[in-house]
Amino acid sequence: MLKKARISVRQVTVLMFLSLIGDMLLIYPTMITHIAHQDAWISSILSIPLGLIIIYVLLRLHELYPSLTLIEATRKILGPVFGSIVSCWYLFYFFMSTALNAREVGDYLTTQIFESTPLRVLLAMEVLMLVLAALAGIEAFSRVSEILIPVYVFIFSGLILALLPQIHLSNVRPVLENGLAPVAKGMVPGAAMPFAGMSIMLMVFPFVNKKGHFKRDMLLASLLGGVLISLFLLLSLLVIGPFVTNYSPYISSALSTKINELNYITRIESLVALLWALVAFFKGVIFFFAFTFGITQLFRISNVQPFIIPAGALVFGMTILITPNVFYYVRTLVYPMAAWHYTNGLIIPLLLWTVYLCRQKWKHRQNTSKK
């Protein structure tokens, strides 16, 4: 059973890192550059401290009931009625995030690699992989993530080194040409999309064999993820320029095509594209796991496996309906999605934390009055 599943601090750190960067390398540069233009890298860097505050709030909420998932803790803090309502809200959030993540990966693959393959075929294959990963369990895909992370770091480091000769500092000048307003606006989704979405990890933390450095590792993984995303955005601006970054749906592929080391290392964009899609897929696995397991916890069902395949069918249907294309997402839905992430990753956790403290204070007063 899932309650008996256990993963190490190292494994959850890798999952945290992969989930945070997830699909951000696909859409983040275009999304922030559209708002802040050549100053997008400033927005990204300044959003890291705000993102770490969000992660800290989530960790403190988890410390209230370390053995309970977000669904269980919500019901315990708010009671069976209001707790169930908020839990349903989170389950809907997990479901929609799974579908959106799958659609992003599907659009990416069908436009960059499998151009002749129908989108629905790729989406069906991806959802099938989500189902198989969920059936395998959290321990299985945690171990796979450990295998993936060295390959990811190696390829990402090679990408940066190969593009260094093509950097042009003039692409980010003049700095703050339009003032601080665009930078501040860019910080809103800059912290929301990667960091506030990590409320999903509250469904994973109870399975961790915790040690003294658990909180430190989670904050460090978040910091490294934020730095990596900011570095990738800055690299996009310096190599490609703000105009192309703004209007290119997937800047990672454009960067990959720029690599041509001594006419020997060429045409690696397919390899990079598959790696980016695989990392984004891991984020989708976490959301899908949280959705299916959260349903069983809400309705107090002991076995999650009968719900995985029907849940996969629902996700497949929603991937087709959720958005017409990637530009609609990175242009029209940016601020509504940011508000949704902040609600689930910051506002509701702060509310739960406040209610818990008030209840504890009330119990303490009652116990004192009885004496």
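Here, every reference points to the structure presented above.
Residues numbered from 1 in each chain as written. Predicted model: local features only at pLDDT ≥ 70, side-chain atom pairs only at ≥ 80, totals over all residues. Heavy atoms only, no water.

(A) Representation of the overall build of the protein chain within the structure. For the protein chain, the helix and strand inventory stands at 14 helices and zero strands. Helices and strands appear in the protein chain in the N-to-C order α-α-α-α-α-α-α-α-α-α-α-α-α-α. A compact globule built from 371 residues should have a C-alpha radius of gyration of about 21 Å, and the protein chain, at 21 Å, falls within 12% of that. Reported as C-alpha extents along the three principal axes, the dimensions of the protein chain are approximately 80 × 45 × 40 Å. For the protein chain, with 371 residues in total, the buried portion stands at 56%. Contacts in the protein chain between residues far apart in sequence, at least 24 positions, make up 85% of those at least 6 positions apart. Surface accessibility of the protein chain: about 16,400 Å² in total, with carbon and sulfur atoms responsible for 69%. Across the protein chain, the 27 positively charged side chains and the 14 negatively charged ones have centroids separated by 17 Å. (Helix = DSSP H or I, 4+ residues; strand = E, 2+ residues; numbered from the N terminus. Rg over C-alpha atoms; globule rule 2.2 N^0.38 Å. Buried < 20%, exposed > 50% of the residue type's maximum accessible area, 1.4 Å probe, protein only. Contact = heavy atoms within 4.5 Å. Areas by Shrake-Rupley, 256 points an atom, 1.4 Å probe, with all protein chains shown as cover. Lys, Arg positive; Asp, Glu negative; His and termini not counted. Charge placed at Lys NZ, Arg CZ, Asp CG, Glu CD.)

(B) Up close: the packing of aromatic side chains. Across all of its chains, the model carries 16 aromatic pairs by this definition. An angle of 55 degrees between the planes, with centres 5.6 Å apart, marks the rings of F207 and F293 as tilted. Here F293 lies in helix α11 (residues 269-298) and F207 lies in the loop between α7 (181-192) and α8 (214-239), a separation of 86 residues in the sequence. We note that F207, like F293, is buried. Three or more aromatic residues joined by ring pairs make a cluster, and in this case those are W89, Y90, F92, Y93, F94, F287 and W340. (Phe/Tyr/Trp six-rings, centres within 6.5 Å; stacked < 30°, edge-to-face > 60°.)

(C) Examining the pattern of salt bridges more closely. In this structure the tally under the stated criterion is six salt bridges. For E146, the salt bridge is made with R10, and the minimal N-O distance between the two is 2.7 Å. Placement of E146 in helix α6 (residues 138-163) and of R10 in helix α1 (residues 9-21) is noted, with a sequence separation of 136 residues between them. D107 is paired through a salt bridge with R103; the nearest N and O atoms lie 3.0 Å apart. Note that D107 and R103 are positioned in helix α4 (residues 70-112) at a spacing of four residues, about one turn of the helix. Owing to a relative accessible area of 9%, D107 belongs among the buried residues under this scheme. (Salt bridge = Lys/Arg side-chain N within 4 Å of Asp/Glu carboxyl O.)

(D) Molecular detail of the nonpolar core. Counting residues in each nonpolar core, the largest one holds 128 residues, and the members touching the most others are V12, L18, F94, Y152, M201, V204 and W276. Broken down by element, the residue count for this core peaks at 19 residues, all from α11. When sequence neighbours within four positions are dropped, the list of residues in contact with Y152 reads F17, I21, L25, L228, L275, W276 and V279. (Core = buried A, V, L, I, M, F, W, Y, C linked by side-chain atoms within 4.5 Å.)

(E) Quick peek at a nonpolar patch on the surface. On the surface, L220, L223, L224 and V227 cluster together into a nonpolar patch covering about 320 Å² of accessible area. By the secondary structure assignment, V227 is in helix α8. Here V227 falls in the partly exposed class, since its relative accessible area comes to 41%. (Patch = residues over 30% accessible without salt bridge, like charges linked within 9 Å, V, L, I, M, F, W, Y side chains within 5 Å.)

(F) Quick look at the packing of α1 against α6. Running from N to C, α1 and α6 point in directions that differ by 65 degrees, and their axes come no closer than 9 Å. Seen from above, α1 lies across α6 with left-handed handedness. Counted together, R10, Q11, V14, L15, F17, L18 and I21 of α1 and F141, S142, R143, S145, E146, L148, I149 and Y152 of α6 form the full contact between these two elements. Taken together, the residues that form the contact of α1 with α6 break down as nine nonpolar, three polar and three charged. (Axes fitted to C-alpha atoms, helices over the stretch in contact; angles between N-to-C directions. Left-handed = near helix turned anticlockwise from the far one by under 90°. Nonpolar A, V, L, I, M, F, W, Y, C, P; charged D, E, K, R; others polar.)

(G) Region of interest: α1. The terminal C-alpha atoms of α1 lie 18 Å apart, and with 13 residues this matches the ideal 18 Å at 1.5 Å per residue to within 8%. In terms of residue burial, α1 counts as a mostly covered element, since twelve of its 13 residues are buried. If you check which residues of α1 are buried, you get V9, Q11, V12, T13, V14, L15, M16, F17, L18, S19, L20 and I21. At the C-terminal side of α1, G22 shows a positive phi close to 25 degrees. (Expected span 1.5 Å × (residues − 1).)

(H) Spotlight on unusual backbone geometry. Residue P174 is bonded to the preceding R173 through a cis peptide linkage, with omega at -5 degrees. Unusually for a residue other than glycine, H37 sits at a positive phi of about 60 degrees. Along the chain, H37 turns up in the loop between α2 (24-36) and α3 (40-64). Relative accessible area serves as the criterion here: at 34%, H37 is assigned to the partly exposed category. One non-glycine residue with positive phi stands out, namely L176, at about 55 degrees. Following the sequence through the fold, L176 ends up in the loop between α6 and α7.

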